[in-house]
Amino acid sequence: MRRAPLLAILALGALVLAAAGVLLYDRSQRDVLAEGVRIGGVEVGGLERTAAVRRLEQQLVARLREPLRVDHGRKFWTLGAREARLSVDVAGSVDAALRHSREDMVLVRAWRSVTGGDKPMDVAPEVRYSKAAVLRMVDKVRKALDRAPKDADVRFTASGPQRRPGRTGLAVEASKLHADLRAAIVSATAPRRFVAQTRKVEPKVATEDLEDKYDTVLYVNRGAFKLTLYKRLKPVKTYGVAVGQVGLETPAGLYRIQNKAVNPAWTVPDSDWAGELAGRVIPGGVPENPLKARWLGVYDGVGVHGTSDEGSIGTNASHGCIRMRVAEIIELYPKVPVGAPIYIA
């Protein structure tokens, strides 16, 4: 009967000794990093703290101080450690990895250490850098490469409307570049050199859209006394016209057809040349009304209209309007919508 208590005491003593051994062993391993631990991609598992610090200084810090480089064609930009205000807390990074290594229970840590088990984790190193410097780097690349798209357009010249082709723009994939640089600046395993990715930016108005945008254009050459109708930027028909006389010239420039009318009424300008008719409104279709058949309003009382004085066609005869033969203005009228450009050269 006395052997049972003795055996219990011996067993308890063995447990106490074993526990003490585990604690002593674990204490001896408190500065040893668990197998499988990395810091910024550098393998430090199984190393004591001092050895881990030395390895990080040799492999991580040296790598992080290499400049980042961005290429695009023959152009390139660099961001050095000094400009980025880069600093690495090597000791703090190792301590963080040690805390990770010892976050399990004592028995789990001891068993892992004895059996060679690992606790894989890549601990982010404690790296400080200027985020503003990274943004400046991205902005430099964008400033050099970004190109705004240019809409195609039509230039109105003395010889008629001329197409001006559009241009495709270019834009740096800035978000991706920014993310790549921020990831690389704290990693010993990330590449230090990148290619700036770009995408094309199409113009809102392409060259092939111009014919739809300028479906109808009128072009008036005052010196030649000609009005040409363009459809889809191609000349369709040219008509003879009369334009303003000296002192009452037809205004030059680019305008748009403001309004249209059949047999328009004539609001007589309050001018000396109008005589006793000044300020009156003359109904359409009566002999006193010089605006015959059709009206295409251009600007401030100036318009294109038919005339009974067809002998004036080809001369400077009007009070600023553009006169056409009656049959020809009737023919032209339905082909010209309100809003159509009219260029008077």
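Quick look at the structure, then. (Residues numbered from 1 in each chain as written. Predicted model: local features only at pLDDT ≥ 70, side-chain atom pairs only at ≥ 80, totals over all residues. Heavy atoms only, no water.)

### Digging into the overall build of the protein
Okay, so step 1: When you go through the protein residue by residue, the secondary structure sums to 8 helices and 25 strands.
Okay, so step 2: Classification of the 345 residues of the protein by burial places 39% in the buried group.
Okay, so step 3: Considering only contacts in the protein between residues 6 or more positions apart, those separated by 24 or more positions represent 65%.
Okay, so step 4: Of the roughly 19,400 Å² of accessible surface on the protein, a fraction of 53% belongs to carbon and sulfur atoms. (Helix = DSSP H or I, 4+ residues; strand = E, 2+ residues; numbered from the N terminus. Buried < 20%, exposed > 50% of the residue type's maximum accessible area, 1.4 Å probe, protein only. Contact = heavy atoms within 4.5 Å. Areas by Shrake-Rupley, 256 points an atom, 1.4 Å probe, with all protein chains shown as cover.)

### Overview of the nonpolar core
Note on soluble globular proteins: their nonpolar side chains tend to be buried together.
Okay, so step 1: Val44, Leu56, Val70, Val94, Val141 and Leu181 are the most contacted members of the largest nonpolar core, which has 44 residues in total.
Okay, so step 2: Breaking this core down by element, the ones donating at least two residues are β1 (37-39), α2 (49-64), β3 (68-72), β4 (75-79), α3 (90-101), α5 (131-145) and α6 (174-184).
Okay, so step 3: Each residue touching Val70, except ones within four places of it in the same chain, is listed here: Lys75, Phe76, Trp77, Met137, Val141, Leu177, Leu181, Phe194 and Ala196.
Okay, so step 4: Counting residues in each nonpolar core, the second largest holds 23 residues, with Leu296, Val298, Ile322 and Leu332 among its members. (Core = buried A, V, L, I, M, F, W, Y, C linked by side-chain atoms within 4.5 Å.)

### Thoughts on unusual backbone geometry
Okay, so step 1: Backbone geometry at Arg85 places phi at a positive 55°, although glycine is not the residue there.
Okay, so step 2: One non-glycine residue, Asn263, lies in positive phi territory at about 45°.
Okay, so step 3: As for its placement among the helices and strands, Asn263 is situated in the loop between β18 (259-262) and β19 (266-267).
Okay, so step 4: Classification of Asn263 by relative accessible area gives partly exposed; the value is 43%.

### Observations regarding the packing of aromatic side chains
Geometrically, a pair of aromatic rings is defined through the distance of the ring centres and the angle of the planes.
Okay, so step 1: With the rule as written, the count across this model stands at 4 aromatic pairs.
Okay, so step 2: Residues Phe156 and Tyr343 carry aromatic rings whose centres are separated by 5.6 Å and whose planes lie at 20° to one another, so their mutual orientation is stacked. Here Phe156, found in strand β8 (residues 153-157), pairs with Tyr343, found in strand β25 (residues 341-344); they are 187 residues apart in sequence, far enough to count as distant.
Okay, so step 3: Its relative accessible area of 17% is what places Tyr343 among the buried residues.
Okay, so step 4: Between Tyr219 and Tyr343 the ring centres are 6.1 Å apart and the planes differ by 5°, which places this aromatic pair in the stacked class. With Tyr219 in strand β13 (residues 216-221) and Tyr343 in strand β25, this pair connects stretches of sequence that are 124 residues apart.
Okay, so step 5: Since its relative accessible area comes to 6%, Tyr219 is described here as buried.
Okay, so step 6: Through successive ring pairs, a cluster of aromatic residues spans Phe156, Tyr214, Tyr219 and Tyr343.
Okay, so step 7: Sitting over the face of the ring of Tyr333, Lys260 holds its NZ or CZ atom 4.3 Å from the ring centroid.
Okay, so step 8: The cationic tip of Arg294 hangs over the ring face of Tyr333; the distance from NZ or CZ to the ring centre is 5.6 Å. (Phe/Tyr/Trp six-rings, centres within 6.5 Å; stacked < 30°, edge-to-face > 60°. Lys NZ or Arg CZ within 6 Å of the ring centre and 35° of its normal.)

### Here we look at the environment of Arg147
Okay, so step 1: Following the sequence through the fold, Arg147 ends up in the loop between α5 and β8.
Okay, so step 2: Excluding residues within four positions of it along the chain, Arg147 makes contact with Arg167, Thr168, Gly169 and Leu170.

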